[in-house]
Each structure stands twice: as structure tokens, then as C-alpha cells.
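So you can see what is in the structure, the chains are spelled out below.
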Amino acid sequence: MEKIQQVKAEALANIEQCTTVEALQQVRITVLGKKGPIQSLMMLMKDLAPEEKPSFGAEVNECKQTVAKAIEEKMAELEAGALAARLKAEKIDITLPGISLRLGTMHPLTLVSQEIEDLFIGMGYTVAEGPEVELDFYNFERANIPADHPARDMQDTFYINAKELLRTHTTAIQMRVLEKADGVLPIKVICPGKTYRRDDDDATHSHQFMQAEGLVVDRNITLTDLKGTLQLMAERMFGKGRQIRFRPSYFQFTEPSVEVDVSCHLCGGKGCPVCKGTGWIEVLGAGMVHPNVLKMAGFDPTQCSGFAFGVGLERVAMLKYGIDDIRNFYVNDVRFLKMFDRFD
Ligand code: DAH
């Protein structure tokens, strides 16, 4: 009986000393396990006199239960402590001020391009794209500018080899769209994209720039359709009440060809430094698609007609936002780009 009390006291002391769940689990295995002290007490039973057995057995059982209960209680206590410690360690201080993310802004050319796309999508056009490394065939041949034609000199071209070049105008996309249509009408596309010319960079020239090409081909398309469309574009880009005027011009891929001016949005047409005192600002080239262009793409120019235009996006953005140097679009100065926050 003394031995039982001793085993119990020792076990309870060991349990009490445990400070971690792991240590307590270890104690449980040693004390309650098959080779543990309580089990050894049970083994003593067989040497006892029969009348001693019941009380001894009851005492060992009581010892075992007391120890098991003590382990259970200690385990609950240690687990609660461990959880509390973890909660404390992983506590998030929600009153700390957050780290604010610096948001990017839309590039002004993206803004202008999207505005033009939106306008034309609203009128039932689809957006078409083409490769920047283009075939001479689409950039020139299909645009009615055959090899050796002097007009090629007007567009200082970056050639990659005899057949490939960096497209000098989005008119190349127009030629791809015409070919792909395979004679099926109507065609209504707007084609924004990057373009390249071997220009020396200065305040108004950039060897890389952007254009958006518009093209409509159907039965009975006339110059008045072009005029109405461009009037809408002028008002959308430069504000209500803007007027447009056509001046005769020449492009190989249109006949007749026009250059289009918009009444100055700064002085309203009275004359100012931006419009150089004329009241008008030149913004784009346009015209009726040349019959040769239609024919080469498989259309019958006696059955259909079309208009086309090509607008320089830097020029539009410069006028719209009052930017005086085209190089600003390409140097990626964050201070410049940040100014377009409010136009999102
Ligand atoms: N491709 C011409 C240029 O880059 C612009 C242009 C003029 C496009 C008349 C057209 C057009 O579609 O009809 O200067």
C-alpha cells in the first residue's frame, strides 16, 4: 500500500512539473505504459494472499485513475496555454496604418486610343490589329504604291530586309482587313497601332509614333459619310461645337484625298499661337478608297466604295492635353505620366 502511494505521489509530481504538451505526453507514456510503475504494481497482485487482493486492486485502480485524471487536466491546461501563446504571438494590430500601394496611371496615348476605339465601337465598328513588322506588300504594294514609286521616299522606312519593314502607317492594317474580308461587305473597322519612320527625333517628330486607321467599305459610301464621321470624331476628341474643314490633298491609296483641319479648341477659331493664328489645326489625312486598292483586294469598285482616314494619336493627345514635346510620350518620366491620373 505504501508502494502505491509512493508511485502515485511521484507520478503526480512529474505531471505537475511538465511545462509543455510534449513533455506531458512523454510522462503519460512512461507512467501509464505497459512497462510503467502502475503496471508493475498490478504484477504484484499474484504474490498476495487472496484476502488482500481486492483492497490492493482497488487502491491501484484508484491510483491509475487519479494519475490519468491529473494528466487529462494538466493537458487541458497546457493546451490552453499553448493556444493563448500562439494567439498572442500571431496577433495582428489592425490599428496600424496600412502601406498604401502606388497605383499606375493610363498612358495618355492609351487614353486617346481607347477614346477613339469607344467612339467607333459605339457606331458599330470593330477593332482590327496587324503586325508592326510588316510586309512591304501590305505597307506599300497593296496601298497602290508600287516598288520604285517616288512616293516611297516620303515615308522614310526602317527596312528589315528587301520584303519586311517596320510599318510606316496603319494603312497597312487597312490593306490586311480588305484582303481578309474576301469581297464580303460591309467593312467597318478602326485600327490603332504603333508605326515607325526614320525621322530625327525632335519636339514634333518621333521615329516611333501611333496612328489609328478608320475604314468603311459598302455600297454607296460617299465623301459626306466621311465628313459626318470625322465631324463626330472632332467633337468627341476636342469638344462640342468644333468644326472641320477638308483641304484637297494627295495620297496614293485614296481618290479624292483630303487633309482635315479642326477648328482650334483653344481660341475657338479666332487665332492663337497653337493654331498659328489661322484658327484651324491639321489633324489627319483621309479620302475615298482608291479603286485600285479595292480591285487589288478583290472588290469591284463599280459596285462598292469606301472611305478611309488615318489620324496621328500623339498629335491628338498633344492638342487635347496641351503637351508641347512629342518625346514626352516615350521617355517614361513618371512625373509626366502621373498628370494623367485625373483623366482615368
Ligand atoms: N497613311 C497616311 C499617313 O500615314 C494617313 C492616311 C491618309 C490614312 C489618308 C488613310 C487615308 O487611311 O485615307 O500619312
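Residues numbered from 1 in each chain as written. Predicted model: local features only at pLDDT ≥ 70, side-chain atom pairs only at ≥ 80, totals over all residues. Heavy atoms only, no water.

K.L.:
A description of helix α2 (residues 21–32) should follow, citing residues and the corresponding values.
P.N.:
The terminal C-alpha atoms of α2, which comprises twelve residues, lie 16 Å apart, in line with the 16 Å expected from a rise of 1.5 Å per residue. Check the buried side of α2 and you find it contacts α1 (2–17), α3 (37–44) and α4 (53–89). (Helix = DSSP H or I, 4+ residues; strand = E, 2+ residues; numbered from the N terminus. Expected span 1.5 Å × (residues − 1). Contact = heavy atoms within 4.5 Å.)

K.L.:
Go over the domain arrangement of the protein, please, and point to the residues and values.
P.N.:
Reports of interface size often rely on the accessible area that becomes lost once the parts have come together. In terms of domain boundaries, the protein breaks down into domain 1 (2–89) and domain 2 (108–343). On a C-alpha basis, the centres of domain 1 and domain 2 stand 90 Å from each other. (Domains from an automatic or database assignment.)

K.L.:
An account of the pattern of salt bridges is requested, with residue identities and associated values reported.
P.N.:
What the rule picks out here adds up to 17 salt bridges. A salt bridge links lysine 74 to glutamate 16, with the nearest nitrogen and oxygen atoms 3.7 Å apart. With a gap of 58 residues between them, lysine 74 in helix α4 and glutamate 16 in helix α1 connect regions that are remote in the sequence. On the basis of relative accessibility, which here comes to 55%, the residue glutamate 16 falls in the exposed class. Residue arginine 247 is joined to glutamate 282 by a salt bridge in which the shortest nitrogen-to-oxygen separation is 3.6 Å. Of this pair, arginine 247 sits in strand β6 (residues 244–251) while glutamate 282 sits in strand β8 (residues 280–289), placing them 35 residues apart in sequence. Under the relative-accessibility criterion, arginine 247 is labelled partly exposed at 28%. (Salt bridge = Lys/Arg side-chain N within 4 Å of Asp/Glu carboxyl O. Buried < 20%, exposed > 50% of the residue type's maximum accessible area, 1.4 Å probe, protein only.)

K.L.:
Give a description of the sheet that holds strand β9 (residues 305–312) that names residues and reports values.
P.N.:
Ordered in space as β1-β4-β5-β9-β8-β7-β6, the seven strands form an open sheet in which the pairing is mixed. Where the open sheet ends on each side, the last strands, each with one partner, are β1 (126–127) and β6. Alignment of strand β4 (residues 187–196) against strand β5 (residues 208–218), held across ten bridges, turns out to be antiparallel. Residue isoleucine 187 lies in a different strand from β5, and its bridge partner there is valine 217. (Pairing = 2+ DSSP bridges.)

K.L.:
Any details on the site of the ligand? Residues and values, ideally.
P.N.:
Near the ligand lie 15 residues; those nearest to it are His169, Thr171, Arg197, Gln211 and Glu213. Contact distances for the ligand include 3.0 Å between a nitrogen atom and a side-chain N or O atom of histidine 169. Taking threonine 171, its side chain carries an N or O atom lying 2.9 Å from a nitrogen atom of the ligand. Summarising the interface, the protein chains cover 91% of the accessible area of the ligand, which totals 350 Å² for the free molecule. At the level of secondary structure, the elements contributing two or more residues to the shell around the ligand comprise α7 (171–181), β5, β8 and β9. Residue composition of the shell around the ligand, by class: five nonpolar, eight polar and two charged. (Near = heavy atom within 4 Å. Polar contact = N/O pair within 3.5 Å; in protein donor to acceptor, adjacent residues only side chain to side chain. Areas by Shrake-Rupley, 256 points an atom, 1.4 Å probe, with all protein chains shown as cover. Nonpolar A, V, L, I, M, F, W, Y, C, P; charged D, E, K, R; others polar.)

K.L.:
Any details on the packing of α3 against α4? Residues and values, ideally.
P.N.:
The relative placement of two packed helices comes down to the angle between their axes together with the axis-to-axis distance. Orientation of α3 relative to α4, taken along the N-to-C sense of each, is 170 degrees, at an axis distance of 10 Å. Looking at the two axes, α3 sits roughly antiparallel to α4. Where α3 approaches α4, its residues Ile38, Leu41, Met42 and Leu44 are matched on the opposing element by Phe56, Val60, Asn61, Cys63, Lys64 and Val67. In terms of residue class, the contact of α3 with α4 is built from eight nonpolar, one polar and one charged. (Axes fitted to C-alpha atoms, helices over the stretch in contact; angles between N-to-C directions. Parallel < 35°, antiparallel > 145°, perpendicular 65-115°, else oblique.)

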